[in-house]
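Each chain is listed here by its residues.
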Amino acid sequence: MSQEGVPALALADITCRFAARDGRGGAYTAVANATLEVAKGEFVSVVGPTGCGKSTLLNVAAGLLEPSSGTVSVFGEPLIAADGVNRRAGYMFQADALMPWRSGIDNVIAGLEFRGVPRAEAVAQGEAWLRRVGLAGFGDRYPHQMSGGMRKRLALAQTLIVSPDILLMDEPFSALDVQTRQLMENELLALWAEDRKSVLFITHDLDEAIALSDRVVVLSAGPGTRPIGDFKVDLPRPRDVSEIRMTPAFATLHREIWGAMKEEVLKAYEAQKVA
Amino acid sequence: MKLRTLQFGVLALLIAAWYLLTAPGIIPAFYFDQDNRAAFFFGEPQKVFWVVVEWFVSGDIFIHLAVTLLETALGFSIGALSGLAIGLWLALSPTASAVMDPYIKGFNSMPRVVLAPIFAVWFGLGIWSKVALGVTLVFFVVFFNVYQGVREVSPNLIASARMLGASRRQLLRSIYLPAAMSWVFASLHNAVGLAFVGAVVGEYLGSARGVGYLILQAEGTFDINTVFAGILVLTAFALALDTAVGAFERRLMTWQPRAGETEKI
């Protein structure tokens, strides 16, 4: 595990085929022969047109979904979905995945509780995390008493408190308004800079992908999604996501990646119009 | 406060109308041939009132009320707990659910009150035949709510808990059970009412104690005032039970959003 060069997360030749839900027609191949690696401490974003199977890929990486073929390795060890989920990964969902019947602090410490950490210790850590995500003093509120942005911070603390080696994020900020979103992106970068986890970040927003990542992977339109482009983002860190968008280097990268993406987006759009 | 006044106004109006239409000699008989007939069929409010007062002053009612409430409480708790347990089990085990499905549907469609005579044979005329009837009524309400509730837990929530390291047992305790509980509470008002119905109907069909028994006795002697007194006492206690459930629910379900809720400063 400690040897350098072993990727934190490696998806090799992944294919996911789903049986048609209505029984008629053939199976739907969401992802076909997709290969993707995330190095230790690397922040990788995956962008692609809507409905192209980005979330499917992430669920495979999380061990929540078993691929039809292909293998997933976590720090060099194969991940078998039947044995359970990817224990070294934390997953932040697009939709709210907080427990509505638990107060903020109880949501944050859920992961510690599942691991059997004594409550007093868990609460102490939980309070510290609430402070780190700017929710100090809101621990006794229930999720429905919080704004969308606050809920995202809570989910972030909930995911990070168990210090996963890999962070999987599925369009976590897509439901937020633009201002809150940029704040959250900056906070994510600040938290990430502290201990440099490996991150696999799914988004449909190219701006967000470039601003956050070390590397941007472009997926083809579905069905049979696979990576079709891999771009290194060598913008300096630390970054401020709202300022970095103004730099010429960002604009160049954006133009380059958009060039690769545009055709796929149009393809997906056409396919949806027909369907 | 104005609302309360109006609510009591409606009550006063009803009682006044009842009194005027039944008291012999106040208005001429317009339907019956004699003016004391209305009182015979519909009772008289002041007499009903005195029967109730007499019951509570002499203490005769307490043993009957205690029996009825005990039957209600037992029927409710046994029915709710078994509904919760079996609802959780069937919702989490697709095979068992598929096998049991026609039987569950069958038992639910059966008019369960017809079971009361059989229960009287099986469990005797004591409280247990009434509890059994209450259980069959309560069980299905809670069962279907739990079953539905567990199946509608957001897959995201389950995936999230699994990623946070929850084992199967922890999933049950931290996700399924709380999710089901909110549905149980939604059905609680209904369930308490049905447990009450089970108790009273059971008593009515054969018993030696209970408010249903009191009503049955009075009916046997055409004592309409006592029948109405029994109905009034039952209604008052059903209302009290419902209020208690509401208070309990509000305490336990603080996490649920309520429409138009604002922060108290």
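Scroll up to find the structure this text is about.
Residues numbered from 1 in each chain as written. Chains lettered and ligands numbered in written order. Predicted model: local features only at pLDDT ≥ 70, side-chain atom pairs only at ≥ 80, totals over all residues. Heavy atoms only, no water.

Caption draft 1: Broad picture of the sheet that holds strand β1 (residues 9-18) of chain A. Residue and element names in this part refer to chain A. Across the sheet, which stays open at both edges, the 4 strands sit in the order β2-β1-β4-β5 with antiparallel pairing between neighbours. At either end of the open sheet lies a strand with only one pairing partner, and these are β2 (28-38) and β5 (77-79). Going from strand to strand, the sheet's axes swing by 30° on average, the running direction of each strand aside. Taken together, the 3 bridges between strand β4 (residues 69-74) and β5 define a ladder with antiparallel strand orientation. In the sheet register, Val72 faces β5, and the bridge partner there is Leu79. (Pairing = 2+ DSSP bridges. Helix = DSSP H or I, 4+ residues; strand = E, 2+ residues; numbered from the N terminus. Axes fitted to C-alpha atoms, helices over the stretch in contact; angles between N-to-C directions.)

Caption draft 2: Quick look at the interface of chain A and chain B. Taken together, the contacts link 27 residues of chain A with 22 residues of chain B. The junction of chain A with chain B conceals about 2,200 Å² of combined surface from both sides, 63% of it contributed by carbon and sulfur atoms. Summed over the three residues of chain A that lose the most area to chain B, namely Trp101(A), Phe114(A) and His144(A), the buried surface amounts to 35% of that side. Applying the counting criterion to the chain A and chain B interface returns 1 salt bridge. A salt bridge links Glu113(A) to Arg173(B), with the nearest nitrogen and oxygen atoms 4.0 Å apart. The interface formed by chain A and chain B holds 4 residue pairs in polar contact (both at pLDDT 80 or more) in total. Going through the elements one at a time, β6 (89-92), α3 (110-114) and α5 (148-160) of chain A are the ones with two or more residues in the side of chain A that touches chain B. At 4 residues, α3(A) tops the list of elements feeding residues into the side of chain A that touches chain B. Grouping the amino acids of the side of chain A that touches chain B by side-chain chemistry returns 15 nonpolar, 6 polar and 6 charged. (Contact = heavy atoms within 4.5 Å. Buried area = accessible area lost by both parts, 1.4 Å probe. Salt bridge = Lys/Arg side-chain N within 4 Å of Asp/Glu carboxyl O. Polar contact = N/O pair within 3.5 Å; in protein donor to acceptor, adjacent residues only side chain to side chain. Nonpolar A, V, L, I, M, F, W, Y, C, P; charged D, E, K, R; others polar.)

Caption draft 3: Focus on the sheet that holds strand β10 (residues 227-232) of chain A. All names here are of chain A. Spatially, 6 strands are ordered β6-β7-β8-β3-β9-β10 in an open sheet, and the strand pairing comes out mixed. Both outer strands of the open sheet, β6 and β10, are each paired with one neighbouring strand and no more. For this sheet the average axis-to-axis angle between neighbouring strands, irrespective of direction, equals 15°. With 4 bridges connecting them, β6 and strand β7 (residues 166-170) associate as parallel partners. When the sheet's bridge partners are listed, Tyr91 is paired in β7 with Leu168. Its contacts with the sheet place helix α1 (residues 54-62) against β3 (43-47), β6, β7, β8 (198-203) and β9 (215-219), and it is angled at close to 155° to β7.

Caption draft 4: Quick peek at the packing of aromatic side chains. All names here are of chain B. Within the structure shown, the criterion is met by 18 aromatic pairs over all chains. Here Phe119 and Phe123 contribute two aromatic rings whose centre-to-centre distance is 5.8 Å and whose plane-to-plane angle is 45°, an arrangement assigned as tilted. Of this pair, Phe119 and Phe123 both sit in helix α6 (residues 116-123), 4 residues apart, roughly one helical turn. For Phe123, a relative accessible area of 40% corresponds to the partly exposed category. (Phe/Tyr/Trp six-rings, centres within 6.5 Å; stacked < 30°, edge-to-face > 60°. Buried < 20%, exposed > 50% of the residue type's maximum accessible area, 1.4 Å probe, protein only.)

Caption draft 5: Representation of the environment of Ala73(B) in the model. Summarising the element assignment, Ala73(B) is placed in helix α4 (residues 60-92). On a C-alpha basis, the gap between Ala73(B) and Val192(B) in space is 8.2 Å, while along the polypeptide they are 119 residues apart.

Caption draft 6: Structural detail: the pattern of salt bridges. Residues and elements named next belong to chain A. In total, this model carries 19 salt bridges over all chains according to the counting rule given. Residue Asp165 pairs with Arg88 through a salt bridge whose shortest N-O separation is 2.9 Å. Of this pair, Asp165 sits in the loop between α5 and β7 while Arg88 sits in the loop between β5 and β6, and the two are 77 residues apart along the sequence. Overlapping salt bridges, with partners in common, bring together Arg181, Glu185, Asp205, Asp207, Glu208 and Arg245 in one network.

Caption draft 7: Local environment of the packing of α6(B) against helix α7 (residues 127-151) of chain B. Residues and elements named next belong to chain B. Contact geometry for α6 and α7: axes closest at 8 Å, N-to-C directions at 135°. Looking at the two axes, α6 sits oblique to α7. Handedness of the crossing formed by α6 with α7: right-handed. Each of Ala116, Phe119, Ala120 and Phe123 in α6 lies in contact with α7, whose residues at this interface are Trp128, Ser129, Ala132, Leu133 and Thr136. Here the contact of α6 with α7 is composed, by residue class, of 7 nonpolar, 2 polar and no charged. (Parallel < 35°, antiparallel > 145°, perpendicular 65-115°, else oblique. Left-handed = near helix turned anticlockwise from the far one by under 90°.)

Caption draft 8: Structural detail: the packing of α4(B) against helix α5 (residues 94-109) of chain B. Residues and elements named next belong to chain B. Closest axis-to-axis distance for the α4/α5 pair is 6 Å, and the angle between their directions is 120°. Regarding the angle of α4 to α5, the classification is oblique. Of the residues in α5, those in contact with Trp89, Leu90 and Leu92 of α4 are Pro94, Ala96, Ser97, Met100 and Ile104. Looking at side-chain class alone, the contact of α4 with α5 contains 7 nonpolar, 1 polar and no charged residues.

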